[in-house]
Number of protein chains: 2
Amino acid sequence: MASTRAGPNLSRIAASLGVSVATVSNALSGKGRVSAELVERIRATAAALGYVPSQAGRALRTGRSGVLGLVLPDISNPLFPQIAQAVEYAASVAGYGILIADSRGDIGMQTEAINRLVERGVDGMVIVPRRGTRIADAGCPVAVIDTPSTPGNTVSADHWQGGREIATHLRDLGHRKILLIGASSTSNVQNDRIGGFKSALDATIKTEVLWIEKLEEQNGPGCLLGLADKARQGFTAFAALSDLHALRALTELQRAGIAVPDSATVTGFDDLIWSAVVTPALTTMRMDMETIAEIAIAALVNAIENGGPIEKGGPGEAAADEPLPGSRLVTAEKSRVPMQLVVRQSSGPGPARTNLSAENS
Amino acid sequence: MASTRAGPNLSRIAASLGVSVATVSNALSGKGRVSAELVERIRATAAALGYVPSQAGRALRTGRSGVLGLVLPDISNPLFPQIAQAVEYAASVAGYGILIADSRGDIGMQTEAINRLVERGVDGMVIVPRRGTRIADAGCPVAVIDTPSTPGNTVSADHWQGGREIATHLRDLGHRKILLIGASSTSNVQNDRIGGFKSALDATIKTEVLWIEKLEEQNGPGCLLGLADKARQGFTAFAALSDLHALRALTELQRAGIAVPDSATVTGFDDLIWSAVVTPALTTMRMDMETIAEIAIAALVNAIENGGPIEKGGPGEAAADEPLPGSRLVTAEKSRVPMQLVVRQSSGPGPARTNLSAENS
DNA sequence: AGGCGTTGATTAAACGATTAATCAATCTTT
DNA sequence: AAAGATTGATTAATCGTTTAATCAACGCCT
């Protein structure tokens with residue numbers, strides 16, 4: 001078979017300089033023994049010929065593909081593209097490419113997706129799991145980005161602290177009756193956000209949780225959440241556990257003639273792209289995706305290149321959740337990244353603060 | 001160097017069966033000359049040992065990595081994750097992996113991203129360009145997904161037809177004064193949508209275009225679009241060129257006390273995830289991303305595996321736009337995929353239809 | 001002068017899979 | 001029976017890069 005390479009290989013450079021292939025390789029990699037003068041000549045020739053190393057040759061020899069897998073539950077869900085973007089960037093900075101594996105909301109497909117990555121020979125994987133995700137013995141290091149309460153989680157936003165922050169914000173605004181709006185009680189992320197929320201409030205503040213998935217099972221997809229009724233029942237704040245739910249609450253309230261934030265405050269989580277442009281702009285919690293991705297990729301690359309800290313997942317680890325068995329899970333020194341409150345126009349004073357102002361004047 | 005492979009290789013299977021490595025390879029690939037009985041034995045042994053072919057070995061010998069690149073302008077922009085998802089799925093069905101390259105809204109970075117993919121030895125690329133994207137001589141087949149008016153476009157939604165459809169919908173609803181809301185006049189996609197829109201209307205219907213980027217340059221990011229004023233000027237329909245802009249229009253009108261769709265109709269494009277859940281649910285145009293991705297991947301794979309139809313891009317091609325020089329652009333038989341109108345609650349009757357009803361009764 | 005250490009290169013082999021060419025045995029045709 | 005064709009396997013080489021081991025030449029120290 002004639003060479004299928006479009007560009008030059010090492011032997012072409014070696015031939016044109018009258019040196020060995022190994023010398024060219026050593027010169028370009030800065031290893032081995034090559035005089036400084038010859039290094040310069042080799043590098044100049046390589047540049048002039050437009051030499052691009054063969055990843056296949058390199059991978060075969062070194063046992064490393066230079067590629068990481070990214071496993072996502074559903075990239076069309078608005079939260080995950082941010083993760084993909086941050087992870088891809090951090091990986092490229094570290095010299096790795098990202099092979100994407102999306103399971104389109106189907107958990108069973110995540111195992112398939114993981115296996116496909118294994119077959120591709122990825123050096124490691126970043127997995128954003130969903131309830132039920134099972135990580136086969138990937139045979140490579142794995143970083144998990146979910147929430148700190150997930151067993152084997154490598155690094156993630158501190159969803160609990162995020163919940164506390166938004167709750168504190170609403171408490172300080174004077175809200176005493178708050179409806180939390182979430183997707184599903186089976187999600188670790190959502191439960192941690194709620195847990196943190198409630199931990200910041202005392203018994204004088206009443207909270208209730210509305211699970212959208214449950215409601216849609218009864219009333220069909222896209223059904224009204226019944227927020228106008230909740231407002232009439234005295235709820236003055238609607239704390240959604242994601243911006244998507246917040247958007248839904250906002251438009252439903254406004255459509256019902258309930259002015260936001262005058263008569264009802266709406267908050268979200270995740271600071272999605274449209275949060276700043278809707279009217280009123282949305283108050284939300286922001287995740288530092290860049291830092292999360294950097295930490296995850298750094299831990300993964302460390303495990304790949306230096307055999308860094310790895311936690312062997314398996315039965316007997318944490319108990320509360322389905323364990324992720326037989327994995328080579330990487331750990332990071334810093335595994336919780338604080339969320340940041342972004343106050344915009346959708347949050348306004350509640351009755352307790354309005355009353356307080358009246359008493360002071 | 002000892003083998004770094006976690007699993008067995010062909011020679012392990014060959015040794016355990018007392019046959020040659022070439023026989024094992026032939027049996028597993030269905031090529032060459034191997035008796036049916038021996039094929040079965042080899043396959044059973046491979047399965048029992050958990051054999052996974054080495055992509056590196058295969059790529060080196062065949063000159064093919066089995067990986068395609070996907071170049072996106074900004075995956076965190078709500079439109080592009082759909083594309084990524086559809087492309088990844090179509091590629092995996094065709095047996096290819098997708099290496100993602102995102103330029104985070106920075107056009108200069110797209111060239112870098114493309115070069116990184118070249119270095120990775122991808123077999124081909126799918127590129128979603130932005131104004132100014134330059135495709136270096138990638139040395140591999142390239143499929144472009146933008147809009148039919150983009151030179152070198154492989155396949156895309158028929159944005160013109162989409163514009164016609166939404167315009168017809170609004171015309172039939174009785175709207176005679178329509179504000180179009182777009183991002184930037186430099187986008188081929190947006191201009192085709194507007195072109196189609198206007199082509200469906202005659203002189204009795206007045207349209208105006210509001211460019212958000214221009215407005216934000218003057219008034220800052222996230223500024224109000226001034227839609228309440230437009231409504232007072234008699235505009236009864238707000239036809240946004242994307243769902244993101246439609247969402248912005250919807251919330252701004254609602255906040256200003258202008259009921260949607262009672263007093264103002266709002267439509268979008270792209271049928272993003274939240275279009276069906278906001279109140280009122282959004283009328284929009286839907287792209288058949290699955291079909292687009294299938295066509296693009298099929299054309300690309302055909303070019304890779306069979307040397308199928310390739311259009312050599314370069315100067316002298318189409319003139320209207322910046323040409324994409326030196327590319328190996330693939331073509332597809334069907335390059336326009338119709339968009340589909342999705343009517344939901346955000347669109348309602350306009351004055352001409354209300355008047356017509358009054359005359360009839 | 002002889003021995004040892006260092007330098008700068010090359011040789012040889014490895015990694016794993018694929019594939020064209022070759023060969024021995026068997027079958028079919030003349 | 002001899003020649004030609006077919007079958008089912010193996011041999012040999014390739015792809016491109018990396019890397020351990022080796023070697024010749026030179027410099028330094030005793």
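Residues numbered from 1 in each chain as written. Chains lettered and ligands numbered in written order. Predicted model: local features only at pLDDT ≥ 70, side-chain atom pairs only at ≥ 80, totals over all residues. Heavy atoms only, no water.

## Examining the relation of the copies chain A and chain B
A rotation about an axis combined with a shift along that same axis relates the two copies of the chain. Put simply, the rule is: Superposing the copies works by least squares over the C-alpha atoms of residues that have pLDDT at least 70 in both of them.
When chain A is fitted to chain B, the best match, at an RMSD of 0.0 Å, comes from turning it 180 degrees and sliding it 0.0 Å along the axis. The superposition of one copy onto the other is thereby described by a two-fold rotation axis.

## Thoughts on the nonpolar core
If you look at soluble globular proteins, the nonpolar side chains tend to sit buried side by side. Rules: Only buried Ala, Val, Leu, Ile, Met, Phe, Trp, Tyr and Cys residues count toward a nonpolar core, and they belong to the same one when joined by side-chain atoms within 4.5 Å. The buried label applies to any residue whose accessible area, calculated with a 1.4 Å probe on protein chains only, is under 20% of its type's maximum; exposed applies above 50%, and partly exposed to all values in between. Contacts are assigned to residue pairs with any non-hydrogen atoms lying within 4.5 Å of each other.
Counting residues in each nonpolar core, the largest one holds 108 residues, and the members touching the most others are A:Val87, A:Phe197, B:Leu72, B:Val87 and B:Phe197. Among all residues touching A:Phe197, those that are not within four sequence positions of it are A:Gly163, A:Arg164, A:Ile166, A:Ala167, A:Leu170, A:Ile178, A:Leu180, A:Thr207 and A:Ala239. Core analysis: the next-biggest nonpolar cluster, separate from the first, contains 54 residues, A:Leu210, A:Leu253, B:Ile258 and B:Trp274 among them.

## What about the sheet that holds strand E8 (residues 237-240) of chain B?
Residue and element names in this part refer to chain B. Cut-off, in case you're wondering: A pair of strands is considered paired only if DSSP assigns at least 2 bridges between the two. Secondary structure follows DSSP: runs of H or I at least 4 residues long count as helices, runs of E at least 2 residues long count as strands, and numbering of each begins at the N terminus. With axes taken as lines fitted to C-alpha atoms, and helix axes fitted only over the stretch in contact, angles between N-to-C directions fall between 0 and 180 degrees.
Strand order in the open sheet formed by four strands is E7-E6-E8-E9, with parallel pairing between adjacent strands. Edge strands, defined here as strands with exactly one partner in the open sheet, are strand E7 (206-211) and strand E9 (265-267). Looking at each pair of strands side by side, their axes are set apart by 20 degrees on average, direction ignored. Direction of pairing for strand E6 (residues 177-182) relative to E8: parallel, over a ladder of four bridges. Residue pairing across strands places Ile178 opposite Ala237, the latter belonging to E8. Helix-sheet contacts for helix H9 (residues 212-219) involve E6 and E7, and the interaxial angle to E7 is about 50 degrees.

## Quick word on the packing of aromatic side chains
The criterion, for reference: Working definition: rings of Phe, Tyr and Trp (its six-membered ring) pair if their centres are within 6.5 Å, and the pair is stacked with planes under 30 degrees apart, edge-to-face with planes over 60 apart, and tilted otherwise. For a ring to carry a charge above it, either NZ of a lysine or CZ of an arginine must fall within 6 Å of the ring centroid while also lying within 35 degrees of the normal to the ring plane.
In total, this model carries one aromatic pair over all chains according to the counting rule given. Aromatic pair A:Trp274 and B:Trp274: ring centres 6.4 Å apart, planes at 65 degrees, arrangement edge-to-face. Of this pair, A:Trp274 sits in the loop between strand E9 (265-267) and strand E10 (284-286) while B:Trp274 sits in the loop between E9 and strand E10 (284-286), on two different chains. When the ring centre of A:Phe235 is taken as reference, the NZ or CZ atom of A:Lys177 above it lies at 5.0 Å. Above the face of the A:Tyr89 ring, B:Arg104 is positioned so that its terminal group lies 3.7 Å from the ring centre.

## So, the interface of chain A and chain B
To keep things clear, this is the line we draw: Think of a salt bridge as a Lys or Arg side-chain nitrogen and an Asp or Glu carboxyl oxygen that are within 4 Å of each other. In protein, a polar contact requires one atom able to donate a hydrogen and another able to accept it; more generally it is a pair of N or O atoms within 3.5 Å, and residues adjacent in sequence count only if both atoms are side-chain atoms.
Across the boundary between the two partners, chain A contributes 60 residues, which contact 60 residues of chain B. For the pair chain A and chain B, the number of links is four salt bridges. Where chain A packs against chain B, one counts 18 residue pairs in polar contact (both at pLDDT 80 or more). Those elements that provide at least two residues to the side of chain A that touches chain B are helix H4 (55-62), helix H5 (80-93), strand E2 (97-102), helix H6 (107-120) and helix H11 (243-255) of chain A.

## Notes on the UniProt feature "domain: HTH lacI-type" (unreviewed entry) in chain A
Under the convention used in this document: UniProt positions are given in the numbering used here, feature names are shortened, and annotations may be inferred rather than shown by experiment.
Under the local residue numbering, the UniProt record ascribes the feature "domain: HTH lacI-type" (unreviewed entry) to residues 8-62 of chain A. Overall, residues 8-62 of chain A shows 71% helix and 0% strand. The separation of its end C-alpha atoms is 20 Å.

## Looking at the pattern of salt bridges
Side chains that carry opposite charge are capable of pairing whenever their charged atoms lie near each other. What the rule picks out here adds up to 20 salt bridges over all chains. Note that B:Arg255 is salt-bridged to A:Asp262, the shortest N-O span being 2.5 Å. Highlighted residues: B:Arg255 in helix H11 (residues 243-255) and A:Asp262 in the loop between H11 and E9, drawn from two different chains. A residue is classified by how much of its surface remains accessible, and B:Arg255, at 34% relative accessible area, is partly exposed. Overall, A:Asp262 belongs to the exposed group, its relative accessible area being 53%. What you see here is one network of salt bridges that share partners, running through A:Asp271, A:Arg286 and A:Arg344.

## A closer look at the pairing of E7(B)
Each regular strand shows side chains that alternate between the opposite faces of the sheet. Note: E6(B) against E7(B), six bridges, orientation parallel. From the neighbouring strand, B:Ile181 faces E7(B), where its bridge partner is B:Leu210.

## Examining the environment of A:Ile135
Within the fold, A:Ile135 resides in the loop between strand E3 (124-127) and strand E4 (141-144). Here the alpha-carbon distance between A:Ile135 and A:Gln110, two residues 25 residues apart in the chain, equals 8.6 Å.

## Quick look at the sheet that holds E9(A)
Residues and elements named next belong to chain A. An order of E7-E6-E8-E9 is seen for the four strands of this open sheet, with the pairing classed as parallel. Edge positions in the sheet fall to strand E7 (206-211) and E9, since each has one partner strand and no second. Going from strand to strand, the sheet's axes swing by 20 degrees on average, the running direction of each strand aside. Relative to E7, helix H9 (residues 212-219) is tilted by about 50 degrees, and along the sheet it contacts strand E6 (177-182) and E7. Against the sheet, H11 touches E6, strand E8 (237-240) and E9, its axis set at about 160 degrees to E9.

## As for the packing of helix H1 (residues 10-17) of chain A against helix H3 (residues 36-49) of chain A
All names here are of chain A. Worth spelling out the cut-off: The scheme is simple: roughly parallel for angles under 35 degrees, roughly antiparallel for over 145, roughly perpendicular for 65 to 115, oblique for anything else. Helix crossings fall into two classes, left-handed where the near helix is turned counterclockwise from the far one by less than a right angle and right-handed where it is turned clockwise.
For the pair H1 and H3, interaxial distance at closest approach is 10 Å and the crossing angle is 125 degrees. It follows that H1 is oblique to H3 by the angle criterion. Handedness of the crossing formed by H1 with H3: right-handed. Of the residues in H3, those touching H1 at Arg12, Ile13, Ser16 and Leu17 are Arg41, Ile42, Thr45, Ala46 and Leu49.

## Quick notes on the side chain of A:Asp123
All names here are of chain A. For clarity, the cut-off: In this charge count, Lys and Arg are treated as positive and Asp and Glu as negative; neither His nor the chain ends contribute.
Mapped onto the elements, Asp123 comes out in the loop between H6 and E3. For the buried Asp123, no salt bridge exists, and the shortest N-O distance to an oppositely charged side chain is 5.3 Å, to Arg64. Separated by 2.6 Å, the side chain of Asp123 and the backbone nitrogen of Gly66 make a polar contact. Those residues in contact with Asp123, other than ones at most four positions away along the chain, are Gly63, Arg64, Ser65, Gly66, Val67, Leu68, Tyr96, Cys140, Pro141 and Ile304.

## Quick look at the packing of H5(A) against helix H12 (residues 289-306) of chain A
Residues and elements named next belong to chain A. Heads up, the condition is: For this classification, Asp, Glu, Lys and Arg are treated as charged, while Ala, Val, Leu, Ile, Met, Phe, Trp, Tyr, Cys and Pro are nonpolar and the rest, including Gly, are polar.
Between H5 and H12, the least distance of the axes is 8 Å, while the angle of their chain directions is 50 degrees. When the axis of H5 is compared with that of H12, the two are oblique. Seen from above, H5 lies across H12 with right-handed handedness. In this structure, H5 uses Gln82, Ile83, Ala86, Val87, Ala90 and Ala91 to contact H12, whose residues at the interface are Met289, Glu290, Ala293, Glu294 and Ile297. Its residues assigned to classes, the contact of H5 with H12 shows eight nonpolar, one polar and two charged.

## Concerning helix H2 (residues 21-29) of chain B
All names here are of chain B. Defined as follows: Throughout, the arc means that of the directions going from the helix axis to the C-beta atoms.
The set of residues buried in H2 consists of Thr23, Val24 and Ala27. All buried residues of H2 project into a common sector of 100 degrees when viewed along the axis, lining one side. In the core, the buried residues of H2 are packed alongside helix H1 (10-17) and helix H3 (36-49). A positive phi of about 75 degrees marks Gly30, the residue just after H2.

## What about the environment of B:Ser25?
Take B:Ser25: it is sitting in helix H2. Residues B:Ser25 and B:Pro53 lie 28 residues apart in sequence; the distance between their C-alpha atoms is 9.8 Å.

## Some remarks on unusual backbone geometry
All names here are of chain A. In this structure, Pro261 follows Val260 across a cis peptide bond, with omega equal to 5 degrees. With respect to the secondary-structure elements, Pro261 resides in the loop between H11 and E9. In this model, Asp270 sits at a positive phi of 100 degrees, which is unusual for a non-glycine residue. Residue placement: Asp270 occurs in the loop between E9 and E10. Taking the relative accessible area as the measure of exposure, Asp270 reaches 5% and is therefore buried.

## A few points about the confidence of the model for chain A
Condition: Per residue, pLDDT captures the predictor's confidence, and it can take any value from 0 to 100.
Model confidence for chain A is summarised by a mean pLDDT of 89, while 90% of its residues fall at 70 or above. Segment residues 313-326 of chain A is flagged for pLDDT under 50; beyond a separation of four residues in sequence, or across chains, it makes 25 contacts in the model.

## A short note on helix H12 (residues 289-306) of chain B
The condition that has to hold: In this scheme, a helix's expected span is set at 1.5 Å multiplied by one less than its residue total.
Relative to the 26 Å expected for 18 residues at 1.5 Å per residue, H12(B) spans 25 Å between its end C-alpha atoms, a close match to the ideal helical length. Within the sequence span of H12(B), burial applies to B:Met289, B:Ile292, B:Ala293, B:Ile295, B:Ala296, B:Ile297, B:Ala299, B:Leu300, B:Val301, B:Ala303 and B:Ile304.

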